[in-house]
Amino acid sequence: MSREDSDIRVEDYLNDKLQTAADLDNIDALLENVLKQQDLLKRQLEEAVITLEEATRASKDHSARVLEQAQRFEKQQIDIDRRLLIVTRSETSDDAVLKFDATMEKIRKLDVAKGYMKLLAEVDTLEELAARDNRAHASKSAEGPLVLLPVEVMVKPLELRFKYHFDGDRPTNRVDKPEYFLSHVVSLLNTYDEFFAIYLQPILQGHFQRSSLALTSVYVDSTSALITALLPMLRRKISAFLPRIAKQPQLLSHFIHELVAFDVSIKDEWAYDGGNAVESWRGLAWEVLVQQDWFGAWLNVEKNCEDSAWPLTADELADATTVALSRYQNIIEEQKSSDIDYDSVDSGATKPTYGAIRVNDLLETITDRYRPLSSFSQKLRFLIDIQIAIFDKFHARLQGSLEAYLTITSSIARTVQGVSKEDQAQLQGIGGLERLCRVYGSAEYLEKKMQDWSDDVFFLELWDELQDRARRNATGEGLAGPMSLEDVADRTSSNVGSEEDSGGLFDEIAGAYRRLRIRTESIIQDMLIYRIRDTLRPYSRINPWSSLSSDTSSNSTAVALTAELDTTIQQLDSYFLFLYKVLAQAPLRRIVRQLALSLQAFFWDNILMRNSFSFSGAAQLARDLDAIWNVMDKYLGQGQGAIGMRKLKEALILLTLPISGSENKDEDDQETMGLWEAEHKIFKSNESGREVLEGLGLEVLSEADARNVLERRIELGH
């Protein structure tokens, strides 16, 4: 600022402050104020000078640092260029930069790949965590649905009471009485179910009715919620209880039986589905047998393999299938096991042995044991490893008894084994017949039981599930646990896996019993035929048939029975009386029918066709055959004996024709055809012969047979 400008500003200031004479009085204050401002300006100027000096120094320092950094950077750049030339083996820095950029691009891609690998590792970690969570969730699901917290709090006192009774040394905590703590839970349900239904049910419905759990019974039904809350304490008790009975087979068997019964009660009586309305609740027994792997030990207990250790491994269990079942052995070793039981079945049914009935009772008990199981494989293994195995053993026993009978009664046995004729005769009499009927009655009884079981809903459902699994199993392996389709088919039915609707679980073993029954029936027939025909040998040697008598009556009842036939009649009556007590009418008639056909052939070939007959001789033969037929009628019904020998019956009608028709009249006082007339027409032609036979009511006898019969009459002189 120039001096002139400064003066002008001072003048303007004074003019502004001293405009009147009164302003001169304030000149001192004005001067003082001016001095103060001057001092202030001086201080500001001094501070500005100091600041300028500091800024100047800082600027110089910064310039020096920048210069130093620039020099250092230049040196580094020169060093980098030199090293780049060396690394890239380039002649110029531009070439080196291009090559270096290419290398850096590769490094960048490597970093990207490394990033992807890190992401994949993180994905694997997440998958492992998810799998761990799923396993934990599955474990919780296996133990049952989550318990509602309020209900869990409400059952705490009940749990304390349960522990008091069943976790200490109280008399109620007994290893041989698992039904105590199981029934206690049921008692709790009976006691508190009504309270929960009144006070808790409305709350549950109001809370869950609009949620995704509205259809889950364990959350919307007070009874199911209570059961769900009580099951954890029962699971803890079972986990502590099982090791205590693991080495005591009978206690383990009893516990599983009681646990299965408890499951059935909870599911059926309390309609508990475990929160799964589709598959339903599998039960605590399923958790013990499948999840905790106690099924092998329990199955072996039910088979009573006494020499096995506890608990069994899968291989030990497979080996145990060949060990005799102790309960079955006890049955067949009883003194009365082979005796015929006349009282346990209807009077008109075939009588089985005590052993067969006891075996059936045992198998029905076993069925009740595994009927409530939810696992298909477990039920099928019970069926095959126990029930069918016992059937096989008993079949082998019956088969062995039959083979022993055949061996003893054979001629080889008398020569090789030294069996006396008396022992053989006893086995060929009532004693032998009783032995055969034991086999027959037992086989028929168990065969019918298997047929009844095949129609049972439980076995029908098991068969349907087996067929469904077999048809969907392409490889045939692992059809039911370790068993293949072929293994199952060999033990149950050849129709397993086929598209046919026929078949059942007991086809194979029932077929074996059926074949044994049929074979035994055939042996009974052969035995009777042999014994009766043997008694007829003396009868076949007599020849009184052609003797003449003054009595020409055709009434056979007026003729005395031939003495040589007494033994035959007595044995027939004895055999038929025994068979009548032991067999039902159907097999009895089949056996007697075959015997009748054999006797008819014997009388036809050895008596009728080998001898000549007078009228009295023919009447004697008719009298003897009437005696045989009467014995048959006594046990089979009127007329059954003659029906079994119808051809022989018709031959006797023709053989006993009177010489003249006038000598014999029917009930209507009409003359019957005489011998001469019948002989003339029968030998005339087949047509006239058939007319004669039809007129006499003979339907089975042929024209040739009729001529052969008439030739036996000595009066005709053929």
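Cut-offs used in this document
- Residues numbered from 1 in each chain as written.
- Predicted model: local features only at pLDDT ≥ 70, side-chain atom pairs only at ≥ 80, totals over all residues.
- Heavy atoms only, no water.
- Helix = DSSP H or I, 4+ residues; strand = E, 2+ residues; numbered from the N terminus.
- Buried < 20%, exposed > 50% of the residue type's maximum accessible area, 1.4 Å probe, protein only.
- Contact = heavy atoms within 4.5 Å.
- Areas by Shrake-Rupley, 256 points an atom, 1.4 Å probe, with all protein chains shown as cover.
- Core = buried A, V, L, I, M, F, W, Y, C linked by side-chain atoms within 4.5 Å.
- Expected span 1.5 Å × (residues − 1).
- Phe/Tyr/Trp six-rings, centres within 6.5 Å; stacked < 30°, edge-to-face > 60°.
- Lys NZ or Arg CZ within 6 Å of the ring centre and 35° of its normal.
- Salt bridge = Lys/Arg side-chain N within 4 Å of Asp/Glu carboxyl O.
- Patch = residues over 30% accessible without salt bridge, like charges linked within 9 Å, V, L, I, M, F, W, Y side chains within 5 Å.
- Lys, Arg positive; Asp, Glu negative; His and termini not counted.
- Charge placed at Lys NZ, Arg CZ, Asp CG, Glu CD.
- Axes fitted to C-alpha atoms, helices over the stretch in contact; angles between N-to-C directions.
- Parallel < 35°, antiparallel > 145°, perpendicular 65-115°, else oblique.
- Nonpolar A, V, L, I, M, F, W, Y, C, P; charged D, E, K, R; others polar.
- Left-handed = near helix turned anticlockwise from the far one by under 90°.

Chemist: Sorry if this is basic, but what is going on with the overall build of the chain here?
Modeler: From N to C terminus, the chain includes 31 helices and zero strands. Counting the 718 residues in the chain, one finds 41% classified as buried. Pairs at least 24 residues apart make up 68% of the contacts formed inside the chain by residues separated by at least 6 positions. Surface exposure of the chain reaches about 40,200 Å², of which carbon and sulfur atoms provide 51%.

Chemist: Would you take a moment to explain unusual backbone geometry for this structure?
Modeler: A positive phi angle is found at Ala271, which is not glycine, with a value near 55°. By the secondary structure assignment, Ala271 is in the loop between α10 (249–269) and α11 (284–291). A relative accessible area of 56% places Ala271 in the exposed class.

Chemist: Help me out: how do you make sense of the nonpolar core in this one?
Modeler: One recurring pattern in soluble globular proteins is that nonpolar side chains are buried together. Counting residues in hydrophobic clusters, the biggest one holds 165 residues, and the most contacted among them are Leu234, Phe603, Leu621 and Ile628. Ranked by residue count, the leading element in this core is helix α16 (residues 376–408), at 13 residues. Sequence-distant contacts of Ile628, that is, excluding residues within four places in its chain, are made with Leu565, Ile569, Leu572, Leu599, Phe603 and Met645.

Chemist: Help me understand the environment of Arg371 in this model?
Modeler: Looking at the secondary structure, you find Arg371 in the loop between α15 (354–370) and α16. Take Arg371: its relative accessible area is 33%, and that puts it in the partly exposed class. The sequence separation of Arg371 and Val260 amounts to 111 residues, and the corresponding C-alpha distance is 9.2 Å. Setting aside residues no more than four positions away along its own chain, Arg371 makes contact with Lys379, Asp456 and Phe458.

Chemist: Would you mind showing me how to read helix α26 (residues 615–636) here?
Modeler: Along its 22 residues, α26 runs 30 Å from first to last C-alpha, staying within 8% of the 32 Å computed at 1.5 Å per residue. Counting buried positions along α26 yields 19 of 22 residues, so the element is predominantly enclosed. At the exit of α26 stands Gly637, carrying a positive phi of roughly 120°.

Chemist: When you look at the environment of Phe166 in this model, what are you seeing that I'm missing?
Modeler: For Phe166, the location among the structural elements is in helix α5 (residues 156–166). When the C-alpha positions of Phe166 and His184 are compared, they lie 9.8 Å apart, and in sequence the two are 18 residues distant. Sequence-distant contacts of Phe166, defined by excluding residues within four places in its chain, comprise Thr172, Asn173, Tyr180, Phe181, His184 and Lys237.

Chemist: Just checking my understanding: could you explain the packing of aromatic side chains for this structure?
Modeler: Two aromatic rings, taken as a pair, are described by how far apart their centres are and by the angle between their planes. One pass over the full model with this rule turns up 23 aromatic pairs. Ring centres 5.0 Å apart and planes at 50° place the aromatic pair Phe162 and Phe166 in the tilted group. Of this pair, Phe162 and Phe166 both sit in helix α5, four residues apart, which is roughly one turn of that helix. Assigned by exposure class, Phe162 and Phe166 land together as buried. The rings of Phe391, Trp453, Phe458, Phe459, Phe506 and Tyr513 are connected pair by pair, giving a single aromatic cluster. In this structure, Lys336 is placed above the aromatic ring of Tyr354, and the distance from its NZ or CZ to the ring centre is 4.2 Å. Cation over ring: Lys647 sits above Trp604, and NZ or CZ is 4.4 Å from the ring centre.

Chemist: Just to check I follow, could you spell out the pattern of salt bridges for this structure?
Modeler: If the charged atoms of two oppositely charged side chains come close together, the side chains can form a pair. Within this structure, the stated rule accounts for 26 salt bridges. Here Arg108 and Glu105 are joined by a salt bridge, their closest N and O atoms 2.6 Å apart. Pair noted here: Arg108 and Glu105 are both in helix α3 (residues 93–143), with a separation of three residues, about one helical turn. With a relative accessible area of 33%, Glu105 lands in the partly exposed category.

Chemist: For this particular structure, what's the right way to read a negative patch on the surface?
Modeler: Taken together, the side chains of Glu4, Asp5, Asp7, Glu11, Asp12 and Asp16 define an acidic patch exposed on the protein surface. A relative accessible area of 49% means that Asp16 is categorised as partly exposed.

Chemist: I would appreciate a short explanation of the packing of helix α29 (residues 675–684) against helix α30 (residues 686–695) in the present structure.
Modeler: What describes two packed helices is the angle between their axes and the distance between those same axes. Two elements in contact, α29 and α30, have axes separated by 5 Å at closest approach and are oriented at 140°. Classified by the angle between their axes, α29 and α30 sit oblique to one another. On α30, the residues touching Ala678, Lys681, Ile682 and Lys684 of α29 are Ser688, Gly689, Val692 and Leu693. Split into classes, the residues belonging to the contact of α29 with α30 amount to four nonpolar, two polar and two charged.

Chemist: Even after reading the chapter, I still don't get the packing of α16 against helix α22 (residues 507–535), so can you show me in this structure?
Modeler: At their nearest, the axes of α16 and α22 sit 11 Å apart, and the two run at 20° to each other. One element, α16, and the other, α22, form an angle in the roughly parallel class. Once α16 is placed against α22, the crossing between them reads as left-handed. From α16, Phe391, Asp392, Phe394, His395, Leu398, Gln399, Leu402, Glu403, Tyr405 and Leu406 reach across to α22, where they touch Ile509, Ala512, Tyr513, Leu516, Arg519, Thr520, Ile523 and Met527. Its residues assigned to classes, the contact of α16 with α22 shows 12 nonpolar, three polar and three charged.

Chemist: What is the right way to look at the side chain of Asn360 in this model?
Modeler: Along the chain, Asn360 falls in helix α15. When neighbours within four sequence positions are excluded, Asn360 is seen to be in contact with Tyr445, Leu446, Lys449 and Trp453.

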